[in-house]
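The primary structure of each chain is shown beneath.
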Amino acid sequence: YALTADHPDRARFKALLSRIDDLQALQAAQHILVRCGAVSYCVYHVVQRHQAARRLLDDMPLTDPTPMRDLLARQVEPLVTLLRGMGVENSLELGGV
């Protein structure tokens, strides 16, 4: 996203990519990812895919959907933890995790 979206730091981000083994370059690249909206874009897509997967799972005639629900919950658990750490209690309807 940071390489394709039109934002003021795109060229700088591209230059930093070859130096991400350097902690300062990595941190600078990470700040750009936040500022340009790449992180928000990623979170949005994870939430959309999680919700779609839950709908599909709800529509499946499984005898016991619990193992699949647990697997799905484990997949988004890092995002839920991150969002809760930022004060997002609802975790963007990723609930049940």
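This one's a predicted model, so the numbers in the text were calculated from it and none came from an experiment.

## Concerning the state of the cysteines
Working step 1: On inspection of all chains with the given rule, the structure shows zero disulfides.
Working step 2: No disulfide involves Cys-36; its sulfur sits 11 Å from that of Cys-42, the nearest cysteine.
Working step 3: Relative accessible area serves as the criterion here: at 15%, Cys-36 is assigned to the buried category.

## What to know about helix H2 (residues 23-35)
Working step 1: In this model H2 runs 18 Å from its N-terminal to its C-terminal C-alpha over 13 residues, within 8% of the 18 Å that 1.5 Å per residue would give.
Working step 2: Along H2, the positions that sit buried rather than exposed are Ala-25, Ala-28, Ala-29 and Ile-32. Down the axis of H2, the smallest arc covering the buried residues is 100°, so these residues share one side. Along H2, the residues that are exposed and aim more than 90 degrees away from the buried face are Leu-23 and Val-34.
Working step 3: Taken together, the buried residues of H2 touch helix H1 (10-17).
Working step 4: At the exit of H2 stands Gly-37, carrying a positive phi of roughly 100°.

## Some words on the side chain of His-7
Working step 1: By the secondary structure assignment, His-7 is in the segment before H1.
Working step 2: What makes His-7 buried here is its relative accessible area of 11%.
Working step 3: Other than its neighbours up to four places away in sequence, His-7 contacts Ala-2, Ile-32 and Cys-36.

## Concerning the nonpolar core
Working step 1: By size, the foremost hydrophobic cluster in this structure holds nine residues: Ala-2, Phe-13, Leu-16, Ala-25, Ala-28, Ala-29, Ile-32, Cys-36 and Ala-38.
Working step 2: Taken together, the elements giving at least two residues each to this core come down to H1 and H2.
Working step 3: Tallying contributions element by element places H2 first for this core, with four residues.
Working step 4: Contact partners of Ile-32, with chain neighbours within four places excluded, come to His-7, Asp-9, Arg-12, Phe-13 and Leu-16.

## Thoughts on the packing of helix H3 (residues 38-59) against helix H4 (residues 66-85)
Working step 1: Running from N to C, H3 and H4 point in directions that differ by 170°, and their axes come no closer than 11 Å. Taken as axis vectors, H3 and H4 run roughly antiparallel relative to one another. Within the contact between the two elements, H3 uses Val-43, Val-46, Val-47, His-50, Ala-53, Arg-54, Leu-57 and Asp-58 and H4 uses Met-68, Arg-69, Leu-72, Val-76 and Leu-79.
Working step 2: Each residue belonging to the contact of H3 with H4 can be placed in one class, and the counts come to nine nonpolar, one polar and three charged.

Conventions adopted
- Residues numbered from 1 in each chain as written.
- Predicted model: local features only at pLDDT ≥ 70, side-chain atom pairs only at ≥ 80, totals over all residues.
- Heavy atoms only, no water.
- Disulfide = S-S within 2.5 Å.
- Buried < 20%, exposed > 50% of the residue type's maximum accessible area, 1.4 Å probe, protein only.
- Helix = DSSP H or I, 4+ residues; strand = E, 2+ residues; numbered from the N terminus.
- Expected span 1.5 Å × (residues − 1).
- Arc of directions from axis to C-beta.
- Contact = heavy atoms within 4.5 Å.
- Core = buried A, V, L, I, M, F, W, Y, C linked by side-chain atoms within 4.5 Å.
- Axes fitted to C-alpha atoms, helices over the stretch in contact; angles between N-to-C directions.
- Parallel < 35°, antiparallel > 145°, perpendicular 65-115°, else oblique.
- Nonpolar A, V, L, I, M, F, W, Y, C, P; charged D, E, K, R; others polar.

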